[in-house]
Amino acid sequence: DDIVNYSRAVNCLTAAVYYEAASESQTGQQAVAQVVLNRMRHPTFPKTVCGVVFEGSQLSTGCQFSFACDGSLARRPSIEGWARARAVAVAALNGFVAKSVGQATHYHAVYVAPYWSPTLLKVQNIGAHIFYRWMGGSGLPGAFHGAYGGTEPYIAKLAALDTAFVGTMSDVAPAPVLAVAQLSEPS
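Residues numbered from 1 in each chain as written. Predicted model: local features only at pLDDT ≥ 70, side-chain atom pairs only at ≥ 80, totals over all residues. Heavy atoms only, no water.

Caption draft 1: Quick look at the overall build of the protein. Looking only at helices and strands, the protein features five helices and three strands. Starting at the N terminus and walking to the C terminus, you meet the elements of the protein as α-α-α-α-β-β-β-α. The buried share of the protein, reckoned over its 187 residues, is 50%. As presented, the protein carries roughly 8,600 Å² of accessible surface, and 57% of it is formed by carbon and sulfur atoms. (Helix = DSSP H or I, 4+ residues; strand = E, 2+ residues; numbered from the N terminus. Buried < 20%, exposed > 50% of the residue type's maximum accessible area, 1.4 Å probe, protein only. Areas by Shrake-Rupley, 256 points an atom, 1.4 Å probe, with all protein chains shown as cover.)

Caption draft 2: Focus on the packing of aromatic side chains. In total, this model carries eight aromatic pairs according to the counting rule given. With a centroid separation of 5.8 Å and 70° between ring planes, the pair formed by Phe54 and Phe67 is classed as edge-to-face. Linking Phe54 in the loop between helix H3 (49-53) and helix H4 (79-93) with Phe67 in the loop between H3 and H4, this pair joins segments that are 13 residues apart in sequence. Each member of the pair, Phe54 as well as Phe67, is classed as buried. With 5.6 Å between their ring centres and 85° between their planes, Trp116 and Tyr132 make a pair best called edge-to-face. On the criterion of sequence distance, the pair formed by Trp116 in the loop between strand E1 (106-109) and strand E2 (121-126) and Tyr132 in strand E3 (residues 129-133) is long-range, its members being 16 residues apart. Each member of the pair, Trp116 together with Tyr132, is buried. (Phe/Tyr/Trp six-rings, centres within 6.5 Å; stacked < 30°, edge-to-face > 60°.)

Caption draft 3: Spotlight on helix H1 (residues 2-21). End to end, H1 covers 27 Å across 20 residues, agreeing with the expected 28 Å (1.5 Å per residue, within 8%). Among the 20 residues of H1, 15 are classified as buried, and the element is accordingly described as predominantly covered. (Expected span 1.5 Å × (residues − 1).)

Caption draft 4: Inspection of the confidence of the model for the protein at higher detail. Of the residues in the protein, 83% reach a pLDDT of 70 or more, and the chain-wide mean stands at 85. Note on residues 166-187: pLDDT is under 50 here. Beyond four places in sequence and across chains, it has 51 contacts. (pLDDT = per-residue confidence, 0-100. Contact = heavy atoms within 4.5 Å.)

Caption draft 5: Quick look at the sheet that holds E2. Overall, antiparallel pairing links the three strands, which are arranged E1-E3-E2 in an open sheet. Of all strands in the sheet, those bounded by a partner on one side alone are E1 and E2. Neighbouring strand axes in the sheet, compared pairwise and without regard to direction, differ in orientation by 25° on average. Both E1 and E3 contribute to a ladder of four bridges, which runs antiparallel. (Pairing = 2+ DSSP bridges. Axes fitted to C-alpha atoms, helices over the stretch in contact; angles between N-to-C directions.)

Caption draft 6: The arrangement of the state of the cysteines in detail. Using the criterion set out here, one finds two disulfides in the structure. A disulfide bridge connects Cys12 with Cys50, and the sulfur atoms are separated by 2.0 Å. One quick way to see it: the torsion about the S-S bond of Cys12 and Cys50 is about 100°, and its sign makes the bridge right-handed. Pair noted here: Cys12 is in helix H1 and Cys50 is in helix H3, with a separation of 38 residues, a long-range link. Using a relative accessible area of 1% as the deciding quantity, one classes Cys50 as buried. There is a disulfide in this structure between Cys63 and Cys69, and the S-S distance comes to 1.7 Å. Linking Cys63 and Cys69, the disulfide has an S-S dihedral of approximately 65° and is accordingly described as right-handed. Overall, Cys63 belongs to the buried group, its relative accessible area being 19%. (Disulfide = S-S within 2.5 Å.)

Caption draft 7: Just the nonpolar core, in detail. With 45 residues, the main nonpolar core has Leu13, Val49, Phe54, Phe67 and Phe131 as its most contacted residues. Among the elements of the structure, H1, helix H2 (26-41), H3 and H4 are those that each provide at least two residues to this core. Looking at which element gives the most residues to this core, the answer is H1, with 11 residues. (Core = buried A, V, L, I, M, F, W, Y, C linked by side-chain atoms within 4.5 Å.)

This is how it looks when you write it as structure tokens:
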């Protein structure tokens, strides 16, 4: 069961990193992964990796991460790009912290200006993304106390990717060193 949940978390985080930042540097990809994990630990968001990544995808009001609703998942990723994103996801789930974005819980591409950006504190520009955290106490380390939920939901949208990459990623996805619940707090 822990292996199933870990595998689902890796797949969801890999999809977020790939579809949101495939063309970004490793630092840019790590920052996207950190935002997902920061959200999971913040009381405002779901308590699983897949829950965070696919939040809103079943609603008509839209997704938190655009790739989950805009049809991007129908586009087959490159094997090399997926492997790169998966390595970032595995490292993040095993405790790597992207300190460059600290407690960032939001980001957007540099070419858009979302209505919510003025309500948050800008943390960092990395590549094609601008990262933000909540203002006040909600954006400080003490606010990130949410416990991992432990049961990753099955995401049907990822099923095709699972079967597309069977046997191609065994060297990239090692057995978990740490449980997802034991992630380090960002500093």
